[in-house]
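Here is what each chain is made of, one letter per residue.
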Amino acid sequence: MTSIPGAAQLFDELDKKLMVYLRDGRTLIGYLRSVDQFANLVLHRTIERIHVGNRYGDIDRGVFVIRGENVVLLGEIDDTKEEGDTLEKVSIEEILEAQRVEQERRQEQEQLRARFMKERGLQYTAEIGPDDMY
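Residues numbered from 1 in each chain as written. Predicted model: local features only at pLDDT ≥ 70, side-chain atom pairs only at ≥ 80, totals over all residues. Heavy atoms only, no water.

- By the naming in an unreviewed UniProt entry, the protein is U6 snRNA-associated Sm-like protein LSm1, taken from Petrolisthes cinctipes.
- You can read under Sequence similarities (unreviewed entry) in the UniProt record for the protein the words "Belongs to the snRNP Sm proteins family." (UniProt positions renumbered as here; feature names shortened; annotations may be inferred.)

Quick look at the structure:
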């Protein structure tokens with residue numbers, strides 16, 4: 001295997017099952033079908049995996065086009081190791097409800113933190129969210 005610079009290294013991953021973590025915090029799993037010089041990706045048979053605690057749910061997304069600048073992390077999935085997963089798979093409805101509850105809990109914590117700081121005369125800046133991370 002020769003060392004190829006930049007996005008061209010992704011050609012070695014064509015037709016392999018990949019996990020892609022995006023800037024907005026989403027996790028996608030699918031088969032890499034195409035890549036270009038800007039690291040834009042086309043995933044086939046894509047699922048969006050949502051994690052909440054030790055549970056996860058998968059939402060079918062089909063063919064998914066990803067702009068290269070939105071990719072934070074990309075890696076090949078080893079199907080043999082995925083089988084020994086300690087996470088509990090739940091239905092789409094359950095994981096979406098759990099995600100909504102988790103988001104509400106975080107918002108309540110942020111509001112409490114802001115009130116606590118304001119009562120003490122301190123200026124509060126909200127924590128960095130997934131959109132601000134990269």
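1. Digging into the side chain of R49
Inference 1: Its place among the elements puts R49 in strand 3 (residues 41-52).
Inference 2: Side-chain polar atoms of R49 contact the side chain of D58, separated by 2.8 Å. (Helix = DSSP H or I, 4+ residues; strand = E, 2+ residues; numbered from the N terminus. Polar contact = N/O pair within 3.5 Å; in protein donor to acceptor, adjacent residues only side chain to side chain.)

2. Digging into unusual backbone geometry
Inference 1: You will see that D15, though not glycine, has its phi angle at about 65°, which is positive.
Inference 2: Position of D15 relative to the elements: it lies in the segment before strand 1 (17-22).
Inference 3: A positive phi angle, close to 55°, is found at R45, a residue other than glycine.
Inference 4: Within the secondary structure layout, R45 lies in strand 3.
Inference 5: Residue R45 is classed as exposed on the basis of its relative accessible area, which comes to 55%. (Buried < 20%, exposed > 50% of the residue type's maximum accessible area, 1.4 Å probe, protein only.)

3. Let's talk about the nonpolar core
Inference 1: The biggest cluster of nonpolar side chains holds 11 residues, and these are L10, L18, V20, L22, L28, L32, V35, L41, L43, F64 and I66.
Inference 2: Listing elements by their share of this core, those giving two or more residues are strand 1, strand 2 (27-35), strand 3 and strand 4 (55-66).
Inference 3: For L28, the residues in contact, after removing those within four places along its chain, are L18, M19, V20, L22, L43, T46, I47, E48, F64 and I66.
Inference 4: With 6 residues, the next largest nonpolar core counts I50, I59, V90 and I95 among its residues. (Core = buried A, V, L, I, M, F, W, Y, C linked by side-chain atoms within 4.5 Å. Contact = heavy atoms within 4.5 Å.)

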